[in-house]
Amino acid sequence: MVSRALKRLSVISLLCLSSAFCMGNVAQGQSAEHLKKHMQQRLENTKLIMGGLAIDDWSRIEQGTRGLLGTSVYPGWSGPLKGKFEERDKALHMAVKTLSRFVETKNGDGARLLYIQVVMLCMNCHDLGKEDK
């Protein structure tokens, strides 16, 4: 019973956070639907990487890394924070490229370390979106 309530609360919290982030970027001139789709792809790829790292499934890790590499640069930032968002996307892209090198050599320690860096870069960018409000 408590577990079910916690799951619902987690889902509701995630939806609220996602909505708040997207709304902030819409104010920056972004297409809400395009941005939401792009960020959802990033999230799905990071889930694949995390799941693969947890069970040493290199196929999942490789799939998630390839997908994240393809979505690590957002081509349509605009608004007053355009430069800052683009700068963060470049940092994310570089971190994912480094992650992919560790994945190619199946270096689990390096991949885990870079995965943590990727997540931190994501959170940093989301924090920037919150600052603009």
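All values reported here derive from a predicted model rather than from experimental measurement.

What counts, and at which threshold
Residues numbered from 1 in each chain as written. Predicted model: local features only at pLDDT ≥ 70, side-chain atom pairs only at ≥ 80, totals over all residues. Heavy atoms only, no water. Helix = DSSP H or I, 4+ residues; strand = E, 2+ residues; numbered from the N terminus. Buried < 20%, exposed > 50% of the residue type's maximum accessible area, 1.4 Å probe, protein only. Contact = heavy atoms within 4.5 Å. Areas by Shrake-Rupley, 256 points an atom, 1.4 Å probe, with all protein chains shown as cover. Axes fitted to C-alpha atoms, helices over the stretch in contact; angles between N-to-C directions. Parallel < 35°, antiparallel > 145°, perpendicular 65-115°, else oblique. Left-handed = near helix turned anticlockwise from the far one by under 90°. Nonpolar A, V, L, I, M, F, W, Y, C, P; charged D, E, K, R; others polar. Core = buried A, V, L, I, M, F, W, Y, C linked by side-chain atoms within 4.5 Å. Expected span 1.5 Å × (residues − 1).

J.: Please provide a residue-by-residue account of the overall build of the protein, values included.
T.: Along the protein, the regular secondary structure elements total five helices and zero strands. Looking at the protein residue by residue over its 133 residues, the buried ones come to 33%. Of all intrachain contacts in the protein linking residues separated by at least 6 positions in sequence, the fraction that spans at least 24 positions is 64%. In the structure as shown, the protein presents an accessible area of about 8,300 Å², 61% of it carried by carbon and sulfur atoms.

J.: Give me the packing of helix 3 (residues 58-71) against helix 4 (residues 82-104): which residues, what numbers.
T.: Relative orientation of the contacting elements helix 3 and helix 4 amounts to 155 degrees, with a least axis distance of 10 Å. The orientation of helix 3 with respect to helix 4, classified from their angle, is roughly antiparallel. When you trace helix 3 past helix 4, the crossing you get is left-handed. Counting all contacts with helix 3, which are made through Trp58, Ile61, Glu62, Thr65, Leu68 and Leu69, the residues of helix 4 involved are His93, Val96, Lys97, Leu99, Ser100, Phe102 and Val103. Across the contact of helix 3 with helix 4, the residue classes tally to eight nonpolar, three polar and two charged.

J.: Give a description of the nonpolar core that names residues and reports values.
T.: Ile49, Leu53, Leu99, Val103, Ala111 and Val118 are the most contacted members of the largest nonpolar core, which totals 15 residues. Elements with a minimum of two residues in this core: helix 2 (32-55), helix 3, helix 4 and helix 5 (108-131). Setting aside its immediate chain neighbours within four residues, Val118 contacts Leu68, Leu92, Ala95 and Val96.

J.: I'd like to hear about the packing of helix 2 against helix 3, residue by residue, with values.
T.: At a closest axis distance of 8 Å, the pairing of helix 2 and helix 3 adopts a crossing angle of 155 degrees. The angle between the axes of helix 2 and helix 3 places the two elements in the roughly antiparallel class. Two packed elements cross with a definite hand, and for helix 2 against helix 3 that hand is left-handed. Of the residues in helix 3, those touching helix 2 at His38, Gln41, Arg42, Asn45, Thr46, Leu48, Ile49, Gly51, Gly52, Leu53 and Ile55 are Arg60, Ile61, Gln63, Gly64, Thr65, Gly67, Leu68 and Thr71. When grouped by side-chain class, the residues that make up the contact of helix 2 with helix 3 number six nonpolar, 11 polar and two charged.

J.: Hey, could you go over the environment of Arg101 for me, with residue numbers and the actual values?
T.: Of note, Arg101 is situated in helix 4. For Arg101 and Ala111, which are 10 residues apart along the polypeptide, the C-alpha to C-alpha distance reads 8.5 Å.

J.: So, helix 4: which residues are in play, and what are the values?
T.: The end-to-end C-alpha distance of helix 4, which contains 23 residues, comes to 33 Å, matching closely the 33 Å that a straight helix rising 1.5 Å per residue would cover. Directly after helix 4, the chain includes Lys106, whose backbone phi takes a positive value near 55 degrees.

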